[in-house]
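# Topology and contacts: notes
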Amino acid sequence: IRQMITAIILDWGKTFSTGYKDIDQAMAAILSPAALSWEEVYPVWKKLYYLRSRGQLKSDEEMFVWLNNILPRPVAAEAVRDLLISSYWVSPEHVSCVRRLKVKYKIGLLSNHIDEWLRTFIRQEKLDDLFDSIIISSAVRVRKPDAEIYYLVLRDLGVKPGEAVFVSDELCDDLMTAKGCGLKTVWFLPPASLEKKQKEIEIAKIFPPDATLASFEDLEKVVASFA
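Residues numbered from 1 in each chain as written. Predicted model: local features only at pLDDT ≥ 70, side-chain atom pairs only at ≥ 80, totals over all residues. Heavy atoms only, no water.

### Regarding the packing of aromatic side chains
For the structure on display, the rule yields 14 aromatic pairs. For the ring pair W45 and W117, a centre distance of 6.0 Å and an interplane angle of 35° mean the geometry is tilted. A residue pair is termed long-range when its members are at least 10 positions apart, and W45 in helix α2 (residues 38-53) and W117 in helix α6 (residues 115-124) qualify at 72 residues. Just as W45 is buried, W117 falls in that class too. Summarising the aromatic geometry, the rings of Y49 and W117 are spaced 5.9 Å apart at their centres and angled 50° between planes, so their arrangement reads as tilted. Of this pair, Y49 sits in helix α2 while W117 is found in helix α6, placing the two residues 68 residues apart along the sequence. (Phe/Tyr/Trp six-rings, centres within 6.5 Å; stacked < 30°, edge-to-face > 60°. Helix = DSSP H or I, 4+ residues; strand = E, 2+ residues; numbered from the N terminus. Buried < 20%, exposed > 50% of the residue type's maximum accessible area, 1.4 Å probe, protein only.)

### Thoughts on a negative patch on the surface
Taken together, the side chains of D22, D24, E39 and E40 present a region of like negative charge at the surface. Residue E39 is classed as exposed on the basis of its relative accessible area of 62%. (Patch = residues over 30% accessible without salt bridge, like charges linked within 9 Å, V, L, I, M, F, W, Y side chains within 5 Å. Areas by Shrake-Rupley, 256 points an atom, 1.4 Å probe, with all protein chains shown as cover. Salt bridge = Lys/Arg side-chain N within 4 Å of Asp/Glu carboxyl O. Lys, Arg positive; Asp, Glu negative; His and termini not counted. Charge placed at Lys NZ, Arg CZ, Asp CG, Glu CD.)

### With respect to the sheet that holds strand β1 (residues 7-10)
Here we have six strands laid out as an open sheet, ordered β5-β4-β1-β6-β7-β8, and parallel in their pairing. A strand with exactly one partner marks an edge of an open sheet, and here the two such strands are β5 (133-136) and β8 (211-213). When the angles between neighbouring strand axes are averaged without regard to direction, this sheet yields 20°. Taken strand by strand, helix α5 (residues 92-102) contacts β1, β4 (106-111) and β7 (184-188), and its axis lies near 135° from that of β4. The strands touched by α6 are β4 and β5; relative to β5, the strand with the most contacts, the crossing angle is about 145°. (Pairing = 2+ DSSP bridges. Axes fitted to C-alpha atoms, helices over the stretch in contact; angles between N-to-C directions. Contact = heavy atoms within 4.5 Å.)

### Here's the deal with the pairing of strand β6 (residues 164-168)
Remark: a regular strand shows side chains that alternate across the two faces of the sheet. Extensive coverage of β6 is indicated by the burial of five of its five residues. Here β6 shows no split at all, with A164, F166 and S168 on one side and V165 and V167 on the other all buried. For β1 and β6, the ladder comprises four bridges, and the chain directions are parallel. Bridge pairing links I9 to F166 in β6. Bridge count between β6 and β7: four bridges; the pairing is parallel. Its bridge partner being in β7, V167 is matched across the sheet by V186. Running through helix α9 (residues 171-180), the crossover from β6 to the neighbouring parallel element β7 is right-handed. (Right-handed = clockwise from strand over helix to strand, strands pointing away.)

### As for the nonpolar core
Ranked by internal contacts, the top residues of the largest apolar core, which has 57 residues, are L10, F16, W45 and L219. If you look at the next biggest cluster of nonpolar residues, it comprises 21 residues, including A7, F166, W187 and L189. (Core = buried A, V, L, I, M, F, W, Y, C linked by side-chain atoms within 4.5 Å.)

### A few points about the pattern of salt bridges
A complete count under the given rule lists 16 salt bridges for this structure. Residues D129 and R99 are paired through a salt bridge, measuring 3.1 Å at the closest nitrogen-oxygen approach. Linking D129 in the loop between α6 and β5 with R99 in helix α5, this pair joins segments that are 30 residues apart in sequence. A residue is classified by how much of its surface remains accessible, and D129, at 45% relative accessible area, is partly exposed. Each member of the salt-bridge network shares a partner with another, and the members are R52, D60, R81, D82 and E116.

The following block contains the structure:
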């Protein structure tokens, strides 16, 4: 028996938000007093961000102490964080599309991210009313692809797996577990990402998502096709 779709759950990075605005000059200005480049800082930042997004580092202060202990010279970590938060890019077309979908469906946001950072941006951009549920890994201390985080968002939305669609740009890290948990899966694969996604495109021949989405604005049609 086919279940009616009542909820759409969105990944954040490179799905609902398509990346960062151009931050090169601003980042260089923040890091120049330490005579460091973002290319030098980023590998350390990324590893600590991962631990923070798992809830293993419990505060920005703890993360920044580690950062400045590891780097050869201390940087203005708070300024780096604030620049990154303010520079997320969410297309107005994506917002409009989700607002239209919200008329018919519950909307969830499920992200491997730092709760305080992402909620700050959502609040600043007045996007709070867009989501019926926001589950962010640092707050629940579990990250995709762990099945528990899908359980948490489904429970929060009050829907069964077969009643929900999960939309993400990550086939292996996100969608394969979601499909195993019984959700419908939509792979967001815009033309600009095809070159980087060749390995996942091969994997998708064996483990296909339920649908592939080239343009976010077509999400309404794709979800309607599951009815």
